[in-house]
Each structure stands twice: as structure tokens, then as C-alpha cells.
Amino acid sequence: MPPEPRPVVIVPGFLLTPGRFKGMRAALYSLGNSDVLIVPLTVLDWTESVCAAGWARILDKVDRTVDRALEATGAEKAVLVGHSSGGVMGRLFLAAEPFRGRIYDGKRRVSALITLGSPNQARRASPMRRRVQSRLPGAFFAPDVEYFSVAGKAVRGDRGGALRERASYRGYRALCGDGATWGDGAVPVDSALLEGARPLVLDGVRHYGLGESRCWYGSADVVAAWWRAFMSPVSCGGGGGWGSG
């Protein structure tokens, strides 16, 4: 009997468009997934996400893309992969409560949510992120939906360090209250690891990739590391390198 099709839907992060995720898509195809679709978000979609109407437009696109993936493969459920704010958006998509007159109830069509460097837990958050944190805390729909959160450990924030370390210090402090901690350069590890989700921390992995040489969540070898860890029945644990856990 052939294996059940396993479509994957990628939700790009804040201000990122599908072109930045072509490498991730190709890597996920090479790992045996039946279909991999990228939600067609634009920079305008993200700039309008400061209000609920903007979030609804993004959720509509996620909804249509998930339906396309299921129709194309005949699968009952898809795996949702959200980078950065795309992971927070994925958490809201799972909910059955009405959002601006629409009920997405993505948990009926999603078997797992993988978040990559997402600011899942933030001390200072936008109104919409606070809504997700307060109404859908942690792995809210587990065990019906499997939650898997991946954090990069590449830059330690330092108020007196190099430019990159100072910038990370400010960003980390805003999210978790501690700037002198480790993270992917944009999101600290503690914020990326969603409470109740299976965790994975990847050494040397950055939030964004500038060219194929940069090591980020979408680099082919990094994709292979987090996807294989996700597919492993053994918990990955909270720390270590690419193959840990």
C-alpha cells in the first residue's frame, strides 16, 4: 500500500514573500513530501497586518492554500510550517472561534504546526499577538494537532558588543525581557519555544538567510535537520546541535 500523501503548506514570515522560501520548498520535496505549497503573501499583506482586517486577509490566503494542497493530494490533513510571524498566524488559523465573521477551524485540516523562529511567547507584543497568547496559549489544540517549535541559537545579545549583538540585545529584551540571551538574531530561544510543543534548538541557525550561504531555517541542510527531528517519534529535547534529540 502506498504511503498516505503528506502535503506541506509554508506560511512566510513578516515582510517575506514566497520567493524567499523556494529553497525550503525544494528541500521539503526532496525529503519525500507529496506536495509543498507556499502561501502567496505579499509585503502589502504584512504591512496591513497591524489591524485585524489585515490578519484576516492573510488567514484567508492560508485557508485557500491549505484547501488547494488537500485537493491536489487527496490527503485529509496538511502539515503547516510557519516562519517567524507566520507561525503565530498558523496558531490563530487552527482556531474554531469566529475571526471577523469567518471561522477557519484549521485544526480540522492540519495535523501538525511547525513554527520556525516564531515569537510565540513575548513580553511585549502587538495587539494581535497578545490575542493569540491570551486565547490560544501554548499547544492549545494538542493532541489533536501536533506542535513542534524550532529555535535558532546563533547570536547572543550584548549591549556593548558588535552591531549585530547590540541589535539582537534590543530585540531580545523587547520580546523576553532579557537582552543578554541566545537567539537567532531576531527572536530569543525562550520566545521561540512554545510551551507544550516539542522543542528543537539548532546551533548556528539565524532568523533570516541572505543568499544560499547563510545558515537559516530555510537552508537545505537545516530544513533536513528540523524535518527529520519532527518526523522522529522521540522527543527532540530543548537544546543541542542539529542532530540533537
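As the structure is a prediction and not an experimental result, all values here were calculated from the model.

Undergrad: For this particular structure, what's the right way to read the layout of surface pockets?
TA: To find leftover empty space, one rolls a probe the size of a water molecule over the atoms. In this structure, the second largest pocket encloses a volume near 190 Å³. As for the second largest pocket, its lining consists of Phe14, Ser84, Ser85, Pro119, Arg124, Arg129, Leu175, Ala186, Val187, His207 and Tyr208. Looking at the lining of the second largest pocket residue by residue, the classes come out as 6 nonpolar, 3 polar and 2 charged.

Undergrad: Explain the pattern of salt bridges here, please?
TA: By the definition in use, this model includes 11 salt bridges. Among the salt bridges present, the one from Arg102 reaches Asp63, with a minimum N-O distance of 3.3 Å. Within this pair, whereas Arg102 is found in the loop between helix 4 (85–93) and strand 4 (110–116), its partner Asp63 is found in helix 3 (residues 52–73), the two being separated by 39 residues in sequence. Classification of Arg102 by relative accessible area gives partly exposed; the value is 33%. By sharing partners, the salt bridges in this structure join Asp60, Asp63, Asp67, Arg102 and Arg109 into a single network.

Undergrad: Just to check I follow, could you spell out the nonpolar core for this structure?
TA: Looking at soluble globular proteins, one finds that nonpolar side chains tend to be buried together. Counting 36 residues, the largest nonpolar core has Trp55, Val62, Leu80, Phe93, Phe99 and Tyr147 as the members making the most contacts within it. At 8 residues, the largest contribution of residues to this core is made by helix 3. Setting aside chain neighbours within four positions, we find Phe99 in contact with Ala52, Trp55, Ala56, Leu59, Leu92, Tyr104, Met128 and Arg131. Counting residues in hydrophobic clusters, the runner-up holds 27 residues, among them Val8, Met24, Val79 and Ala112.

Undergrad: Can you walk me through the pairing of strand 5 (residues 146–153) in this structure?
TA: Sheet faces and side chains relate simply in a regular strand, where the side chains alternate between the two faces. Taken across its 8 residues, strand 5 has 6 buried, putting it largely inside the fold. By the bridge criterion, 5 bridges tie strand 4 to strand 5 in an arrangement that is parallel. Residue pairing across strands places Ala112 opposite Glu146, the latter belonging to strand 5. Handedness of the crossover is the feature at issue here: the chain leaves strand 4, passes through helix 5 (residues 127–135), returns alongside strand 5, and the resulting connection is right-handed. In this structure, strand 5 lies alongside strand 8 (residues 198–203), joined through 6 bridges in parallel fashion. Along strand 8, the bridge assignment pairs Ala151 with Val201.

Undergrad: Help me understand the sheet that holds strand 3 (residues 78–83) in this model?
TA: Sheet strands pair by backbone hydrogen bonding; their relative direction is either parallel or antiparallel. Across the sheet, 6 strands lie side by side as 2-1-3-4-5-8; this open sheet has parallel pairing. The sheet terminates laterally at strand 2 (35–38) and strand 8, the two strands that pair on one side only. Between one strand and the next, the sheet's axes are offset by a mean angle of 20 degrees, whatever the strand orientation. Bridge analysis of strand 1 (residues 7–11) against strand 3 gives 4 bridges, and the strand direction is parallel. Bridged to Val8 within strand 3 is Val79. Contacts from helix 1 (residues 22–30) reach strand 1, strand 2, strand 3 and strand 4 within the one sheet, and its direction differs from that of strand 2 by about 165 degrees. Relative to strand 8, helix 8 (residues 220–231) is tilted by about 155 degrees, and along the sheet it contacts strand 1, strand 3, strand 4, strand 5 and strand 8.

Reading the values: the criteria
- Residues numbered from 1 in each chain as written.
- Predicted model: local features only at pLDDT ≥ 70, side-chain atom pairs only at ≥ 80, totals over all residues.
- Heavy atoms only, no water.
- 1 Å grid on protein atoms, 1.4 Å probe; cavity = no way out; pocket = protein on both sides within 12 Å on 5 of 7 lines; lining within 4 Å.
- Points joined across faces, edges and corners; volume = space filled by probe spheres on them.
- Nonpolar A, V, L, I, M, F, W, Y, C, P; charged D, E, K, R; others polar.
- Salt bridge = Lys/Arg side-chain N within 4 Å of Asp/Glu carboxyl O.
- Helix = DSSP H or I, 4+ residues; strand = E, 2+ residues; numbered from the N terminus.
- Buried < 20%, exposed > 50% of the residue type's maximum accessible area, 1.4 Å probe, protein only.
- Core = buried A, V, L, I, M, F, W, Y, C linked by side-chain atoms within 4.5 Å.
- Contact = heavy atoms within 4.5 Å.
- Pairing = 2+ DSSP bridges.
- Right-handed = clockwise from strand over helix to strand, strands pointing away.
- Axes fitted to C-alpha atoms, helices over the stretch in contact; angles between N-to-C directions.

Purely geometric stuff here, so don't read any function into it on its own.
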